[in-house]
Amino acid sequence: MRRLPTPSADRRALLGAAGLALALPRLAAAQPQEPAPATCHPATDWAAFAARHVQADGRVIDFNTPQQQSTSEGQSYGMFFALVHNDRAAFARILAWTEANLAGGSLAKKLPAWQWGRKPEGGWGVLDANAASDADLWIAYALMEGGRLWNDAGYRTLGRSLLALVVRDEVVALPGLGRMLLPWPKSVASGPQWRLNPSYMPLQLLRYFQQADPTGPWGEVTDNTLRMFGAVTPKGFAPDWCAWSSDERAFVADPQKGPTGSYDAIRNYLWAGMLSDKDPARRMLLLNLRGPGQLLAERQPLPEYVDTASGAGRGMAPLGFAGAMLPYLKAVGAADALATQVARVPGGRAAPAAPGTPPLPYYEQCLLLFGQAWLDGRYEFGRNGQLQPSWRTLCRPNRPA
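Residues numbered from 1 in each chain as written. Predicted model: local features only at pLDDT ≥ 70, side-chain atom pairs only at ≥ 80, totals over all residues. Heavy atoms only, no water.

> Could you clarify how one ought to interpret the overall build of the protein chain in this entry?
Helix and strand counts for the protein chain stand at 14 helices and 13 strands. When each of the 401 residues of the protein chain is scored for burial, the buried share is 58%. The long-range fraction of contacts in the protein chain, counting pairs at least 24 apart against all pairs at least 6 apart in sequence, stands at 70%. Taken as a whole, the protein chain presents about 15,800 Å² of accessible surface, with 53% of it coming from carbon and sulfur. (Helix = DSSP H or I, 4+ residues; strand = E, 2+ residues; numbered from the N terminus. Buried < 20%, exposed > 50% of the residue type's maximum accessible area, 1.4 Å probe, protein only. Contact = heavy atoms within 4.5 Å. Areas by Shrake-Rupley, 256 points an atom, 1.4 Å probe, with all protein chains shown as cover.)

So, in structure tokens, the structure goes:
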């Protein structure tokens, strides 16, 4: 039997010391425009990420793994960041590598394998052919929004084709609940305890697909996702994994991971913080996820691991978690806690790294990129999940950052 995909395994080993840029005031959303204004936001974080992690052929590499792996998650985030920063060339390269190496040549026909890298027997290739639904959603979203923002019908069509594969292969009607997004294809899933990953279901993406595919399952998936968050966050903390029990007709602790919230779960606060303030579920979702805000408001440290059933934490959260906290703390109006998280890392955007400081690992850079770029006003999500980049506020490549 094939091993189920675990795209987020060993996050702790992937995270290290990081530099977090000082938070800038959030700008009002702007329609993408090409001319650059007199003042602009440098995007040195994206440039640094691309220089280190994105190969010339479009492969996004995670150097902090023995396999020197690339994942569908990494490819999807790379496409999204390229779109946010109006980097069409990088977007095209990342897409081309993804299709050629993870999807058998066509994302319209095959969901991408989640893991590619150095094989134990030598050589390079797919290490786990199973798909990871969060990456599939982010790739479909980046393609569809890239098609809209860049007026590229090919991207729009490819994104819709990939979304149809997600519906066919990764959405299932769970007994007693209804249709829900699985973390992987239903061909490798089973009950009566159906494993779910809350961080795989950003509400803004579900809203977007609900508008783009109104006859699809996305309205029901959205409702069940919100129901899930209400059920699995008794102390205000999200778990990395949970499950739907078709026997008990209820959400229960994950049979393998238990009620722990950590490296996967941190993304739930990031997604919720970036949700449009016009979304009708925003207030309740932030209330469900109140735990970190309460801890930081009380000047308690953010833990690395949380027992979501009791609220008890252990360990000190890595610096990468601070990046995920930026939009969340902004959304809940926790100005002091936001300043505290920024201050966890000394220096600002222009501060040079200390001699001997190792490069940021892939996952930590992703969390920081998501949070920092949003707080800088480089992008936001509209009421129905549409991407609203501020391309006009980005410095041109030939300007000093």
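> Can you walk me through the side chain of D134 in this structure?
Examined against the element boundaries, D134 turns out to sit in helix α5 (residues 133-149). Looking at D134, the relative accessible area reads 3%, which means it is buried. Leave out the neighbours within four places in its chain, and D134 touches E73, Y200 and R267.

> How should I be thinking about the pattern of salt bridges in this particular structure?
Any two side chains of opposite charge can pair if their charged atoms end up close together. Here the structure, examined in full by the defined rule, presents 12 salt bridges. For the salt bridge of R267 with D264, the shortest nitrogen-to-oxygen distance reads 3.6 Å. Judged by its relative accessible area of 1%, R267 falls in the buried class. We classify D264 as buried; its relative accessible area is 3%. We note a salt bridge from R378 to D376, for which the minimum N-O separation is 2.8 Å. Across the pair, exposure class does not vary: R378 and D376 are buried alike. (Salt bridge = Lys/Arg side-chain N within 4 Å of Asp/Glu carboxyl O.)

> In this structure, what is going on with the environment of M79? I would like to understand it.
In this structure, M79 sits in helix α3 (residues 72-84). What makes M79 buried here is its relative accessible area of 0%. On a C-alpha basis, the gap between M79 and L143 in space is 8.3 Å, while along the polypeptide they are 64 residues apart. Those residues in contact with M79 that sit more than four places away from it in its chain are F91, I94, L95, I139, A142 and L143.

> What is the right way to read the sheet that holds strand β7 (residues 242-245) from this model?
Two pairing modes exist for strands in a sheet, parallel and antiparallel, and in both the strands are linked by backbone hydrogen bonds. Taking strand neighbours across the sheet as the criterion, the 3 strands line up as β6-β7-β8 in an open arrangement whose pairing is antiparallel. The two strands at the open ends of the sheet, each matched to only one other strand, are β6 (193-196) and β8 (250-253). Across the sheet, the axes of successive neighbouring strands diverge by a mean angle of 35°, strand direction being ignored. (Pairing = 2+ DSSP bridges. Axes fitted to C-alpha atoms, helices over the stretch in contact; angles between N-to-C directions.)

> Help me out: how do you make sense of the environment of D307 in this one?
Considering the arrangement of structural elements, one finds D307 in strand β10 (residues 303-307). On a C-alpha basis, the gap between D307 and G258 in space is 8.6 Å, while along the polypeptide they are 49 residues apart.

> Would you mind showing me how to read the nonpolar core here?
Soluble, globular proteins show a tendency: their nonpolar side chains are buried together. Residues F80, F209, F370 and Y379 are the most contacted members of the largest nonpolar core, which totals 110 residues. Ignoring sequence-local partners within four residues, the contact set of F80 consists of W138, Y141, A142, F370, Y379, F381 and L387. (Core = buried A, V, L, I, M, F, W, Y, C linked by side-chain atoms within 4.5 Å.)

> Teacher, can you tell me more about the confidence of the model for the protein chain here?
Residues shown with low pLDDT carry predicted positions that ought not to be read at fine detail. A residue-level look at the protein chain finds 86% of positions with pLDDT of 70 or above and a mean pLDDT of 88. Of the regions scoring below 50 in pLDDT, residues 1-38 engages in 112 contacts with residues more than four places distant in sequence or in other chains. Low confidence marks residues 346-352, where pLDDT is under 50. Its contacts with residues over four positions away, or in another chain, come to 11 contacts. (pLDDT = per-residue confidence, 0-100.)

> I tried to follow the pairing of strand β4 (residues 171-174) on my own but got confused; where do I start?
The two faces of a sheet get side chains in turn, since along a regular strand they alternate between them. Here β4 pairs with strand β5 (residues 178-181) via 4 bridges, running antiparallel. Bridge pairing in β5 links V171 to L181. Between β4 and β5, which follow one another and run antiparallel, lie 3 residues, and G176 among them has a positive phi close to 85°.

> How do you make sense of the packing of aromatic side chains when you look at a structure like this?
We describe a pair of aromatic rings using the distance from one ring centre to the other and the angle between the two ring planes. A complete count under the given rule lists 34 aromatic pairs for this structure. Each ring, one from Y77 and one from F81, has its centre 6.4 Å from the other, and the planes form 50°; the classification is tilted. Of this pair, Y77 and F81 both sit in helix α3, 4 residues apart, roughly one helical turn. Just as Y77 is buried, F81 falls in that class too. Lying over the aromatic face of W241, R195 brings its terminal NZ or CZ to 4.6 Å of the ring centre. Note that R314 overlies the ring of Y305, its terminal NZ or CZ placed 4.4 Å from the centroid. (Phe/Tyr/Trp six-rings, centres within 6.5 Å; stacked < 30°, edge-to-face > 60°. Lys NZ or Arg CZ within 6 Å of the ring centre and 35° of its normal.)

> Would you take a moment to explain the pairing of β10 for this structure?
Among the 5 residues of β10, 4 are classified as buried, and the element is accordingly described as predominantly covered. Inspection of the sheet shows strand β9 (residues 260-261) paired to β10 by 2 bridges, in the antiparallel sense. Looking at β10, one finds that G261 is bridged to V306. The sheet contact formed by β10 and strand β11 (residues 313-316) spans 3 bridges and is antiparallel. Pairing of V306 across the sheet is with G313, part of β11. Here β10 folds back onto β11, and the loop between the two strands holds 5 residues, one of which, G311, carries a positive phi near 85°.

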